[in-house]
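If you want the building blocks of each chain, they are given just below.
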Amino acid sequence: MDTTATLYVVGNINVDLIMGTLDHWPQRGTEVMMNHSELRPGGSAGNCALALEAMQVRHRAVANQGDDGLSAWLGSYFPHSVAHWTRYHCETSLTVGVTHSDHERSFLSNLGHIVRLTAEDVLNQLPLRANEGDIVLLCGTFLCLHLYNEYPLLLSELQQRGFTTAVDTGWPPQGWTEEVRQQMAPWLPLCDWLLLNEVETLGLMDAEDLNVAATQLAQRLSGRGGCVVKCGAQGAGCWQSHQHITQPAKPVTVVDTIGAGDSFNAGFLAALLHQQNITTALQWGIAVASLAISTQPRRYPDWHQLQLSAQER
């Protein structure tokens with residue numbers, strides 16, 4: 001399964017502090033003891049890069065970093081990438097994830113280093129000309145505040161350099177306002193693959209029907225890829241101008257859903273990197289996400305397991 005193509009994962013790599021389980025927000029001035037906590041690298045780009053590292057997929061994490069006590073700790077998890085990161089005089093971005101007994105979660109985040117990441121930082125870490133098959137995935141769109149404003153410039157330059165472009169925006173903290181939709185409109189035609197979950201797809205298109213929303217989104221992209229929608233326990237689908245493909249997910253016992261969509265991205269784009277078809281890419285994405293959310297410590301499939309996941313469907 002060797003390839004010379006590289007998947008570049010760009011965006012929010014930060015520290016995650018996961019704590020649980022909490023079902024009722026504490027009264028002000030009180031303290032609650034949690035039965036579980038874990039400090040780990042995270043962020044959409046971080047989660048995806050960690051999955052790729054575990055699967056030994058050729059990749060590089062493209063990011064920046066702060067200069068506080070957590071910076072070196074966070075960078076140590078990305079030894080093949082951290083030497084290229086731009087350093088800023090600021091605190092490390094930190095997210096506290098609070099898990100609930102129904103497997104949902106809530107997040108509290110500071111600003112930190114990720115809001116300072118720029119298009120110049122990103123482009124300086126990428127080759128001036130892409131190798132055949134190279135993919136750039138942009139993650140944490142609405143959290144990387146400076147970079148978000150430069151998306152039209154950045155995506156245009158990536159296309160000119162010959163990269164396949166993919167974007168996972170995540171959920172905008174301000175919600176899917178008309179202003180957010182208008183801000184995205186100029187750069188959607190520069191995006192080959194858009195990877196969203198079901199709720200994000202409906203929110204972006206201000207729609208109630210997923211098929212209608214995903215079909216319309218696919219028509220607004222470059223035409224070289226498609227709109228991929230992650231539907232959790234129901235699996236995932238891909239909408240393109242000429243076809244719509246869905247793949248179901250097998251039931252698993254959920255342990256931790258944080259980063260499920262990022263793990264899916266790693267599997268889906270790894271398949272494209274290795275010139276697999278869309279059906280197989282969906283299967284790989286589902287397989288990686290399914291194993292990730294059902295294991296503690298978190299595990300990811302190897303190549304043999306990915307091949308079996310496609311053959312068993």
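Residues numbered from 1 in each chain as written. Predicted model: local features only at pLDDT ≥ 70, side-chain atom pairs only at ≥ 80, totals over all residues. Heavy atoms only, no water.

The name that an unreviewed UniProt entry assigns to the protein chain is Carbohydrate kinase family protein, with the source organism given as Candidatus Pantoea communis.

Student: For this particular structure, what's the right way to read the overall build of the protein chain?
Tutor: Within the protein chain, the regular secondary structure consists of 11 helices and 14 strands. Taken over the C-alpha trace, the protein chain has a radius of gyration of 19 Å; the compact-globule value for 313 residues is 20 Å, and the two agree within 12%. Put simply, the protein chain has 313 residues, and 54% of those count as buried. In the protein chain, the share of contacts with a sequence separation of at least 24, taken over all contacts with a separation of at least 6, comes to 68%. Carbon and sulfur atoms provide 50% of the accessible area of the protein chain, an area that totals close to 14400 Å². Of the charged side chains in the protein chain, 17 are positive and 30 negative; the average position of the first set lies 4 Å away from that of the second. (Helix = DSSP H or I, 4+ residues; strand = E, 2+ residues; numbered from the N terminus. Rg over C-alpha atoms; globule rule 2.2 N^0.38 Å. Buried < 20%, exposed > 50% of the residue type's maximum accessible area, 1.4 Å probe, protein only. Contact = heavy atoms within 4.5 Å. Areas by Shrake-Rupley, 256 points an atom, 1.4 Å probe, with all protein chains shown as cover. Lys, Arg positive; Asp, Glu negative; His and termini not counted. Charge placed at Lys NZ, Arg CZ, Asp CG, Glu CD.)

Student: Could you clarify how one ought to interpret the pattern of salt bridges in this entry?
Tutor: Taken as a whole and assessed by the stated rule, the structure comprises 8 salt bridges. Across the salt bridge formed by aspartate 206 and arginine 181, the nearest N and O atoms sit 3.9 Å from each other. Of this pair, aspartate 206 sits in the loop between α7 (198–205) and α8 (210–220) while arginine 181 is found in helix α6 (residues 178–184), placing the two residues 25 residues apart along the sequence. Given the relative accessible area of 59%, aspartate 206 is considered exposed. It is possible to trace a salt-bridge network through shared partners that takes in Glu38, Arg40, Asp256 and Arg298. (Salt bridge = Lys/Arg side-chain N within 4 Å of Asp/Glu carboxyl O.)

Student: Is there a simple way to think about the state of the cysteines in this case?
Tutor: Where two cysteines share a covalent bond between their sulfur atoms, that bond is called a disulfide. Counted according to the given criterion, the structure contains 0 disulfides. In this structure cysteine 191 is not part of a disulfide, and its nearest cysteine sulfur, from cysteine 227, lies 9.0 Å away. You can see cysteine 227 has no disulfide; the closest cysteine sulfur is in cysteine 238, sitting 7.7 Å from it. Relative accessible area serves as the criterion here: at 0%, cysteine 227 is assigned to the buried category. (Disulfide = S-S within 2.5 Å.)

Student: Explanation requested: the sheet that holds strand β8 (residues 105–109) in the structure shown.
Tutor: Strands in a sheet are paired, the pairing made by backbone hydrogen bonds, and the direction either parallel or antiparallel. Taken together, the 4 strands give an open sheet; going across it, the order is β3-β2-β7-β8, and neighbouring strands pair in mixed fashion. Each end of this open sheet is capped by a strand with a single partner; those strands are β3 (36–42) and β8. Here the strands of the sheet are splayed against their neighbours by 20 degrees on average, with no regard to which way each runs. Examined bridge by bridge, strand β2 (residues 14–20) and strand β7 (residues 94–99) share 5 bridges and lie parallel to one another. Paired with valine 15 across the bridge in β7 is leucine 94. (Pairing = 2+ DSSP bridges. Axes fitted to C-alpha atoms, helices over the stretch in contact; angles between N-to-C directions.)

Student: Could you clarify how one ought to interpret the UniProt feature "domain: Carbohydrate kinase PfkB" (unreviewed entry) in the protein chain in this entry?
Tutor: In the UniProt entry, the feature "domain: Carbohydrate kinase PfkB" (unreviewed entry) is given for residues 7–295. A helix fraction of 32% and a strand fraction of 22% characterise residues 7–295, whose end C-alpha atoms lie 25 Å from each other. (UniProt positions renumbered as here; feature names shortened; annotations may be inferred.)

Student: How should helix α9 (residues 260–273) be read in this particular structure?
Tutor: Each α-helix winds once per 3.6 residues, and so residues spaced three or four apart point in a common direction. Between its terminal C-alpha atoms α9 stretches 20 Å, which fits the 20 Å expected from 14 residues at 1.5 Å a residue. Among the 14 residues that make up α9, 12 are buried, leaving the element largely enclosed by the rest of the structure. Glutamine 275 occupies a position one or two residues after α9 and carries a positive phi of about 60 degrees. (Expected span 1.5 Å × (residues − 1).)

Student: What exactly am I supposed to notice about the environment of valine 254 here?
Tutor: Along the chain, valine 254 falls in the loop between β14 (244–247) and α9. When its relative accessible area of 24% is taken as the criterion, valine 254 is described as partly exposed. Sequence separation of valine 254 and alanine 233 is 21 residues, and the distance between their C-alpha atoms is 9.9 Å.

Student: I keep staring at helix α5 (residues 151–160) and nothing clicks. Help me out?
Tutor: Along α5, the residues that are buried comprise Tyr151, Leu154, Leu155, Leu158 and Gln159. Looking straight down α5, one finds that the buried residues subtend no more than 135 degrees of arc, so they occupy a single side. Exposed residues on α5 whose side chains face more than 90 degrees from its buried face are Leu153 and Gln160. Where α5 is buried, its residues touch α3 (119–124), β9 (135–139), α4 (145–149) and β10 (164–168). At the exit of α5 stands glycine 162, carrying a positive phi of roughly 95 degrees. (Arc of directions from axis to C-beta.)

Student: Help me understand the pairing of β10, please; the structure alone is not making it clear to me.
Tutor: Each regular strand shows side chains that alternate between the opposite faces of the sheet. Summarising burial for β10: 4 of the 5 residues are buried, a large majority. Examined bridge by bridge, β9 and β10 share 5 bridges and lie parallel to one another. Of the residues in β10, the one forming a bridge with leucine 138 is valine 167. Note: β10 against strand β11 (residues 193–197), 2 bridges, orientation parallel. Counted as the bridge partner of alanine 166 is tryptophan 193 from β11. This β-α-β element, β10 to α6 to β11, shows right-handed connectivity. (Right-handed = clockwise from strand over helix to strand, strands pointing away.)

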